[in-house]
Amino acid sequence: VLQEGSVEDAERLLESIQQQGFLTAPSSQDPKERRKELRGYIFGIQMSYHIIVQHTSLSDKWMPPWKDIITAWKDFQAFDIADQAQKENRAADELVLLAVQQLIAHKENKSNKV
C-alpha cells in the first residue's frame, strides 16, 4: 500500500487505523492505560504519516491537526506530572515532533497548491 497501492487501498488502511482507536488522544484516568493509549496514538499518527507521504491528497482528511496533537501533549504532561522527575525524554515528547512534522507537511501542501 505504501508504494504500489492505490489511493483507495491507502484510505481503507487509514480508516482501519482510525477505527482501531489509534487516532484518538489518550483520555484514561489510569496512568498505565493512559500510557498505553499514548503509545497507540503516536503509532497511529506515525503510520498515517507514512501512508500519506505516498498519497498526499488524503492528508487533510486523515491526519489530526497539529493543534490537536499539541493539546494531547499538554493534557498528557499535566496528567503525568508526578512521574516527570528529571527525565531527559518524557513519554509524550514524541507528540511535539509529530506536531512539527505535521506543520511542515501542511506548509508544503499549501505552497504546492498555490
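Each chain has its residues counted from 1, running along the sequence as written. Note on the predicted model: pLDDT of at least 70 is required for a residue's local features to be given, and 80 or more for side-chain atom pairs to be given and counted; whole-chain, interface and lining totals, by contrast, use all residues. Values reported for side chains reflect all heavy atoms of the structure, with hydrogen atoms and water molecules removed beforehand.

With respect to the environment of E94
Then, in step 1: Secondary structure elements follow DSSP: runs of H or I no shorter than four residues count as helices, runs of E no shorter than two count as strands, and numbering proceeds from the N terminus. Among the structural elements, E94 can be located in helix 5 (residues 93–113).
Then, in step 2: Here's how the labels work: a residue is buried when its accessible area is under 20% of the maximum for its type, exposed when over 50%, partly exposed in between, all with a 1.4 Å probe on protein chains only. On the basis of relative accessible area, E94 is assigned to the partly exposed category, the value being 30%.
Then, in step 3: Once the C-alpha coordinates of E94 and L38 are considered, the two residues, 56 residues apart in sequence, prove to be 9.9 Å apart.
Then, in step 4: Contact between two residues is taken to exist if any of their heavy atoms lie within 4.5 Å; hydrogens are not considered. Excluding its chain neighbours within four sequence positions, the residues that come into contact with E94 are I42 and Q46.

Comments concerning the side chain of S48
Then, in step 1: Counting through the fold element by element, S48 comes out in helix 2 (residues 31–54).
Then, in step 2: For S48, a relative accessible area of 0% corresponds to the buried category.

Digging into the packing of helix 2 against helix 4 (residues 66–79)
Then, in step 1: For helices, the fitted axis covers only the stretch in contact; all axes are lines through C-alpha atoms, and the angles between them, taken along N-to-C directions, range from 0 to 180 degrees. At their nearest, the axes of helix 2 and helix 4 sit 12 Å apart, and the two run at 160° to each other. In terms of orientation, helix 2 lies roughly antiparallel with respect to helix 4. Considering only the axes of helix 2 and helix 4, their crossing is left-handed. Packed against helix 2, whose contacting residues are P31, R34, R35, L38, Y41 and I45, the element helix 4 presents D68, I69, A72, D75, F76 and F79 at the interface. Note on terminology: angles under 35 degrees are roughly parallel, angles over 145 are roughly antiparallel, angles of 65 to 115 are roughly perpendicular, and the others are oblique. Whether a crossing is left-handed or right-handed is set by the direction in which the near helix is turned from the far one by less than a right angle, anticlockwise for left-handed and clockwise for right-handed.

A few points about the nonpolar core
Then, in step 1: Counting 21 residues, the largest nonpolar core has I45 and L95 as its most contacted members.
Then, in step 2: For this core, the elements supplying multiple residues, two or more each, are helix 1 (7–19), helix 2, helix 4 and helix 5.
Then, in step 3: Sort the elements by how many residues they give to this core and helix 2 lands first, with six residues.
Then, in step 4: The contact partners of I45, leaving out residues within four places of it in the chain, are F22, L23, M63, P64, I69, L95 and L98. Within this scheme, the nonpolar core is defined by two criteria: the residues are buried Ala, Val, Leu, Ile, Met, Phe, Trp, Tyr or Cys, and they are joined through side-chain atoms within 4.5 Å.

A closer look at the confidence of the model for the protein chain
A low pLDDT score tells you not to read the predicted coordinates there in detail.
Then, in step 1: For every residue, the predictor assigns a confidence score, pLDDT, that lies between 0 and 100. Averaged over all residues, the pLDDT of the protein chain is 83; the fraction at 70 or higher stands at 84%.
Then, in step 2: Within the protein chain, helix 1 carries the highest mean pLDDT (92), whereas helix 5 carries the lowest (81).

Let's talk about the packing of helix 1 against helix 2
Then, in step 1: The interhelical angle for the contact between helix 1 and helix 2, taken along N-to-C directions, is 175°, at an axis separation of 10 Å. Taken together, the axes of helix 1 and helix 2 are roughly antiparallel relative to one another. Within the contact between the two elements, helix 1 uses A10, L13, L14 and I17 and helix 2 uses G44, M47, S48, I51 and I52.
Then, in step 2: Each residue gets one of three labels, nonpolar for Ala, Val, Leu, Ile, Met, Phe, Trp, Tyr, Cys and Pro, charged for Asp, Glu, Lys and Arg, and polar for the others, Gly among them. The residue inventory of the contact of helix 1 with helix 2, partitioned by class, reads seven nonpolar, two polar and no charged.

A closer look at the packing of aromatic side chains
To describe a pair of aromatic rings, you give the distance between the ring centres and the angle between the ring planes.
Then, in step 1: Any two of the Phe, Tyr and Trp rings considered here, Trp counted by its six-membered ring, make a pair once their centres fall within 6.5 Å; the pair's planes then place it as stacked at under 30 degrees, edge-to-face at over 60, or tilted in between. Taken as a whole and judged by the stated rule, the model has one aromatic pair.
Then, in step 2: For the ring pair F22 and F43, a centre distance of 5.1 Å and an interplane angle of 70° mean the geometry is edge-to-face. Taken together, the positions of F22 in the loop between helix 1 and helix 2 and F43 in helix 2 put the pair 21 residues apart, joining distant regions of the chain.

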